[in-house]
Amino acid sequence: MKNFNIINLTKGKTFIHQLSGTTKVRLFAALMVYVMMSFDLPIILPLFIFSIIGLISLKPSWKTIRPIIFFVVFLNVLNIILYWLADPHCGFEYTADKTVLFAYTNYLVVTRGTLWFLLVRLLKMLTAFSTSLVFIMSITPSELAAGLTSLGFTYKLGSIVEIAFRYIPDISRDYENIAISMQCRGLELDAKKTKAIERLKQMVIILIPLIITSFDRVGNISNAMDLRGFGKGKKRSYYSEYPERRNDKIFKLIYCLIALFCAYYIISGLITPRVPKMWIYWRCL
Amino acid sequence: MSKSPIIEFKDFTFRYSSQLEPTLKNINLKIYEGEKVLILGPSGCGKSTLANCINGLIPFSYPGEIQGSCKIAGNETSHSSIFSLSSVVGTVLQDSDAQFVGLSVGGDIAYALENDNMPREEMLPRVLKSATLVGMQEFLEHVPYNLSGGQKQRVSLAGIMHEHVKILLFDEPLAALDPQMGNQAIDLIDKIQKNNNCTVIIIEHRLEDVLYRPVDRIILLEDGQIVADMSPNQLLCSNIIVEKGIREPLYLQALKMAGCNVTIDDNPCNVFEINLDKYKDQLISYYSNVDTNKPLEEKKVVLKVKNVDYSYDDNKALDNVSFSINKGDKIAVIGKNGAGKSTMAKIICGILRPDKGEVYLENVNYLNYSIKELGQKIGYVMQNPNQMLVKDIIKDEVSLGLVLNNKSEDEIEKNIKEALTKCDLWSMRNWPVSVVSYGQKKRVTIASILAMNPEIIILDEPTAGQDYRVYTEIMSFLEKLNKDFGITILFITHDMHLAIEYTDRAIVFSDGKCIGDDSVFKILSDNDIIERANLKQTSLYSLATRLKINPESFIESFIVSERRKRHEKF
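Rules and cut-offs
Residues numbered from 1 in each chain as written. Chains lettered and ligands numbered in written order. Predicted model: local features only at pLDDT ≥ 70, side-chain atom pairs only at ≥ 80, totals over all residues. Heavy atoms only, no water. Helix = DSSP H or I, 4+ residues; strand = E, 2+ residues; numbered from the N terminus. Rg over C-alpha atoms; globule rule 2.2 N^0.38 Å. Buried < 20%, exposed > 50% of the residue type's maximum accessible area, 1.4 Å probe, protein only. Contact = heavy atoms within 4.5 Å. Areas by Shrake-Rupley, 256 points an atom, 1.4 Å probe, with all protein chains shown as cover. Lys, Arg positive; Asp, Glu negative; His and termini not counted. Charge placed at Lys NZ, Arg CZ, Asp CG, Glu CD. Phe/Tyr/Trp six-rings, centres within 6.5 Å; stacked < 30°, edge-to-face > 60°. Pairing = 2+ DSSP bridges. Polar contact = N/O pair within 3.5 Å; in protein donor to acceptor, adjacent residues only side chain to side chain. Core = buried A, V, L, I, M, F, W, Y, C linked by side-chain atoms within 4.5 Å. Axes fitted to C-alpha atoms, helices over the stretch in contact; angles between N-to-C directions. Parallel < 35°, antiparallel > 145°, perpendicular 65-115°, else oblique. Left-handed = near helix turned anticlockwise from the far one by under 90°. Nonpolar A, V, L, I, M, F, W, Y, C, P; charged D, E, K, R; others polar. Buried area = accessible area lost by both parts, 1.4 Å probe. Salt bridge = Lys/Arg side-chain N within 4 Å of Asp/Glu carboxyl O. Patch = residues over 30% accessible without salt bridge, like charges linked within 9 Å, V, L, I, M, F, W, Y side chains within 5 Å. 1 Å grid on protein atoms, 1.4 Å probe; cavity = no way out; pocket = protein on both sides within 12 Å on 5 of 7 lines; lining within 4 Å. Points joined across faces, edges and corners; volume = space filled by probe spheres on them.

Chemist: Explain the overall build of chain B here, please?
Modeler: Per the secondary structure count, chain B includes 25 helices and 20 strands. Here the C-alpha radius of gyration of chain B, 25 Å, is about what a compact globule of 570 residues would show, namely 25 Å. For the C-alpha atoms alone, the extent of chain B along its principal axes is close to 70 × 55 × 50 Å. Within chain B, the fraction of its 570 residues that count as buried is 58%. Taking all contacts inside chain B whose residues are at least 6 apart in sequence as the whole, residues at least 24 apart take part in 68%. Carbon and sulfur atoms provide 46% of the accessible area of chain B, an area that totals close to 23100 Å². Here chain B holds 64 positive side-chain charges and 77 negative ones, and the gap between their average locations is 3 Å.

Chemist: I'm lost on the packing of aromatic side chains in this one. Help?
Modeler: The geometry of an aromatic ring pair is captured by the separation of the ring centres together with the interplanar angle, meaning the angle of the planes. Taken as a whole and assessed by the stated rule, the structure comprises 20 aromatic pairs over all chains. Centroid distance Phe28(A) to Phe135(A): 4.0 Å. Interplanar angle 5°. Geometry classified as stacked. Separated by 107 residues along the polypeptide, Phe28(A) in helix α2 (residues 21-36) and Phe135(A) in helix α6 (residues 112-138) bring together distant segments of the chain. Between Tyr287(B) and Phe554(B) the ring centres are 4.9 Å apart and the planes differ by 70°, which places this aromatic pair in the edge-to-face class.

Chemist: What's the story with the pairing of strand β16 (residues 378-381) of chain B in this structure? I'm lost.
Modeler: Strand residues, when the strand is regular, have side chains that alternate between the two faces of the sheet. Residue and element names in this part refer to chain B. Burial along β16 is two-sided: Ile378 and Tyr380 facing one way and Gly379 and Val381 facing the other are all buried. Where β16 meets strand β17 (residues 456-460), four bridges bridge the pair, whose relative direction is parallel. Bridge pairing links Ile378 to Ile456 in β17.

Chemist: Mind showing me how you'd approach the side chain of Asp40(A) here?
Modeler: Residue and element names in this part refer to chain A. Relative to the helices and strands, Asp40 is located in the loop between α2 and α3 (41-57). Accessibility expressed as a relative area gives 2% for Asp40, which makes it buried. Looking at Asp40, its side chain comes within polar contact range of the side chain of Tyr265, at 2.9 Å. Look past the residues within four positions of Asp40 in its chain and what remains in contact with it is Tyr265, Val275, Pro276 and Lys277.

Chemist: Explain unusual backbone geometry here, please?
Modeler: The general pattern is negative phi for most residues beyond glycine and trans for most peptide bonds. Residue and element names in this part refer to chain B. Looking along the chain, the bond that leaves Ile58 and enters Pro59 is cis, with omega of 5°. Secondary-structure assignment places Pro59 in helix α2 (residues 57-60). Its identity is not glycine, yet Asn267 carries a phi of approximately 55°, on the positive side. The exposure class of Asn267 is partly exposed, given its relative accessible area of 25%.

Chemist: In this structure, what is going on with the nonpolar core? I would like to understand it.
Modeler: Across soluble globular proteins, nonpolar side chains show a tendency to be buried alongside one another. Residues and elements named next belong to chain B. In this structure, Leu40, Leu157, Leu168, Leu207, Leu255 and Tyr287 are the most contacted members of the largest nonpolar core, which totals 88 residues. By residue number, the principal contributor to this core is helix α13 (residues 250-257), which donates six residues. For Leu168, the residues in contact, after removing those within four places along its chain, are Gly90, Leu157, Ile160, Met161, Ile192, Cys198, Thr199, Val200 and Ile201. Ranked by size, the runner-up nonpolar core spans 70 residues in total, among them Val302, Ile331, Ile416 and Ala451.

Chemist: What's the story with the sheet that holds strand β1 (residues 5-16) of chain B in this structure? I'm lost.
Modeler: Residues and elements named next belong to chain B. Strand order across the open sheet formed by four strands is β2-β1-β4-β5, with antiparallel pairing between neighbours. Edge positions in the sheet fall to β2 (24-32) and β5 (75-76), since each of these pairs with one other strand and no more. Contacting β1, β2 and β4 (64-72), helix α1 (residues 47-55) crosses the sheet at an angle of about 120° to β1.

Chemist: Just to check I follow, could you spell out the packing of helix α8 (residues 149-160) of chain B against helix α9 (residues 179-196) of chain B for this structure?
Modeler: Packed helices, taken two at a time, are described by the angle their axes make and the gap between the axes. Residue and element names in this part refer to chain B. With their axes 10 Å apart at the nearest point, α8 and α9 run at an angle of 20° to one another. In terms of axis orientation, α8 runs roughly parallel to α9. Note on packing geometry: the crossing formed by α8 with α9 is right-handed. Residues Gly150, Gln153, Arg154 and Leu157 of α8 pack against Met181, Gln184, Ala185, Leu188 and Ile192 of α9. Taken together, the residues of the contact of α8 with α9 sort by class into five nonpolar, three polar and one charged.

Chemist: Can you help me understand the sheet that holds strand β18 (residues 488-492) of chain B in this one?
Modeler: Within a beta sheet, neighbouring strands are joined by backbone hydrogen bonds and run either parallel or antiparallel to one another. All names here are of chain B. One open sheet accounts for six strands, arranged β16-β17-β18-β13-β19-β20; its pairing is mixed. The strands lining the two open edges of the sheet, one partner per strand, are β16 and β20 (513-519). Strand after strand, the sheet turns through a mean of 20° between neighbouring axes, direction not considered. Bridge count for strand β19 (residues 505-510) against β20 is six bridges, and the pairing is antiparallel. By the bridge assignment for β20, Val508 is matched with Gly516. Those strands touched by helix α15 (residues 341-349) are β13 (330-334), β16, β17, β18 and β19, and its axis lies near 145° from that of β16. Running over the sheet, helix α19 (residues 438-450) touches β16 and β17 and is turned about 165° from β16.

Chemist: What is the right way to read the interface of chain A and chain B from this model?
Modeler: Note on interface size: it is often stated as the accessible area lost on association of the parts. Between chain A and chain B, the contact holds 54 residues from the first and 63 residues from the second. For the chain A face of the interface with chain B, the top three residues by lost area are Arg185(A), Arg228(A) and Tyr239(A), together amounting to 22%. Counting across the chain A and chain B interface gives six salt bridges. Where chain A touches chain B, the interface holds 27 residue pairs in polar contact (both at pLDDT 80 or more). Within the residue set of the side of chain A that touches chain B, elements represented by two or more residues are α7 (141-150), α8 (155-184) and α9 (196-227) of chain A.

Chemist: Got a minute to help me understand the environment of Met161(B) in this structure?
Modeler: Counting through the fold element by element, Met161(B) comes out in the loop between α8 and β7 (167-171). Residues Met161(B) and Asn275(B), 114 residues apart in the sequence, show an inter-C-alpha distance of 37 Å.

Chemist: Could you clarify how one ought to interpret a negative patch on the surface in this entry?
Modeler: Residues and elements named next belong to chain B. A contiguous patch of negative charge on the surface is contributed by Glu409, Asp410, Glu411 and Glu413. Here Glu413 shows up in helix α18 (residues 409-422). The class for Glu413 is partly exposed, based on a relative accessible area of 41%.

Chemist: Explanation requested: the layout of surface pockets in the structure shown.
Modeler: Once rolled over the atoms, a probe with the size of a water molecule shows which space is left empty. Residue and element names in this part refer to chain B. In this structure, the second largest pocket encloses a volume near 1000 Å³. Lining the second largest pocket are 29 residues, and of these Lys294, Glu297, Lys299, Asp504 and Arg563 sit closest to its centre. When residues of the lining of the second largest pocket are traced back to their parent elements, those giving at least two are α20 (468-485), β20, α22 (520-524) and α25 (551-569). Among the elements that make up the lining of the second largest pocket, the one with the highest residue count is α25 (six residues). Across the lining of the second largest pocket, the residue classes break down as six nonpolar, eight polar and 15 charged.

Pasting the structure below:
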């Protein structure tokens, strides 16, 4: 097993993969602020395009990520529908447009302004999602640990992440073994033959030995870490963290500029509140 | 060898805070620089505790009360710290899976250096050097999940082989390895010790396997006390190992059974070097007179596997496998990890169904049965009892399978009483599972399978990691089940001793194929099979070749007379 699901355990070969962990984590942090801070289309749309290009450049296995994409798109569409149901005029504040396109009842109306607002909102969510997906798929847990440290978090936090990823496959193998032995003893795990509540109960039966064996393991792991000097100093270096290369330097400039821009945008927005630019085309007509 | 002790225990006593009695009592021990020492003893004798005192886990991770002194490289451990100790003492833990904390081979080897905050440029050449030392330089980018137990152990070793390390400490290095890998590990330890001139301490209870390469001294622990501190030859000639529940090397057992009194001058610690001239005639005459004729019995076939294929995605795990199992058989299923043993077990249990070929259970194609139904005919006992035990009370654990199969109250009562009695657990039926010993837990898991009244029981490595006493306890119990109740037992194992002592037939897997299906003594004297299955020659084979007699009949005679002797005892 080289990778499980969408998480890489070893560094990939593409451009983004090859950036250092520090670069990836800092860039991601800056981009998350960038996408969250506004509903401005001129700000969101370019990132959306870049993140899609980034995603394609990673040469992902579409078979594994397709269900994830479908699931997230579905959830977000559901989200805006609920948003609309809660307040059919929610877009007015941003678009100042109440032109009714469809009306189902007096309450449930679709206005042009709200529709546009919700679409912009959907785009914002999807941009955040696709950026995160690129980040998750391009970083290895060790690089994440190194990157988090570079943001000033204690390295123990990064190590927790690393250790978790290290042992997830071991634990899932344990789970599989326990499930097999319980099935042989007559536990019915077939979804078609048992009710959901019954299945939940049976999961608990499997979890007990899993937890006990995992605790045994935790003791061994912490000994192994102690014996190799984990926690010796305030700082720690990373074998998997490549030294800064040319591309990292370029991206350093990029994320610094993004961060500066975000700071300016947010602070100036606090001083003089602004109306988000949503490119409301019909106003230009 | 310089005369300054690198490890020195003086009137050392240690008691864990959680226990009333000290685990180590009055230890006086000196180990000198460059020595190779084996610490021997049954489970619970305190040998791991002793190791933890050396590497600093005691007192820094396991608090307790120390009396006396323990000096490592001249420093009193209790005044030191685990970090400064770990730079002198490198420990390879028993569980090489847990020790592998990095996400790649390179990352794991670098772990100690990372914690030293060493810049990456300095780290890289060192990682490569350590990896080369253990022969893992080609694997630096590999993730742990595809490595074999032996490879993981090498990585652990590379991870502690940094500069200042003077003492290498191995905690049961053989526990998780198949026989050939075990030999390789012992060989590697030997080479590294010679090249780096460090002190090596091996903690094991598998005496014969460690003696594959010479050791300077053996320290035998019992009940937290040192009961012997002598050279391997001295120890092997005394009766002390048998008394203390350590397994004697097979070739010595063979010699002693023939009535030979081996002395220190014969150099008994290695089967290739032992002086046999005096004993040759005695051995040959004894073993050629063993009556190996067994009454032929007609046996009924219970399970028949016919031309079975199975693939995981693209990997062929089983390739045209056929064999049959008779009622009352005791069979060893052997082969290295990934050879197809566990896949075969899963197929037999019905967890997986063959892609091609058939499995017949008492002449019925087993596709007619659901997993649940099969579970009542074929029982599967996992290696680690902790992975099977789900209830608090022994009785509930044993009845679980029956409850899940919706049996009537009366039937449940009757079956669990029978199963618990067979396993000698009836008097303990209301005990909590958590308080019983490992061997007893194993019996509880076997009882919970027996309660379903299966035709066949499959046991996965029933004695893995257990000392000779627990091993004997578990195995003689299984033997009794087989003999008294006619239960068919399949052992999935790579313990050759187990196969020799307790099974009649061996089915050998390699790369998904069944490469051998014959009496144990025939399999064990077939060089080709042994090599392909990652087994190793038993010392009986080596002994026979040295005596220039036919290994097959020699091993057979040994097995027969060993069993006879054992049965006389019980």
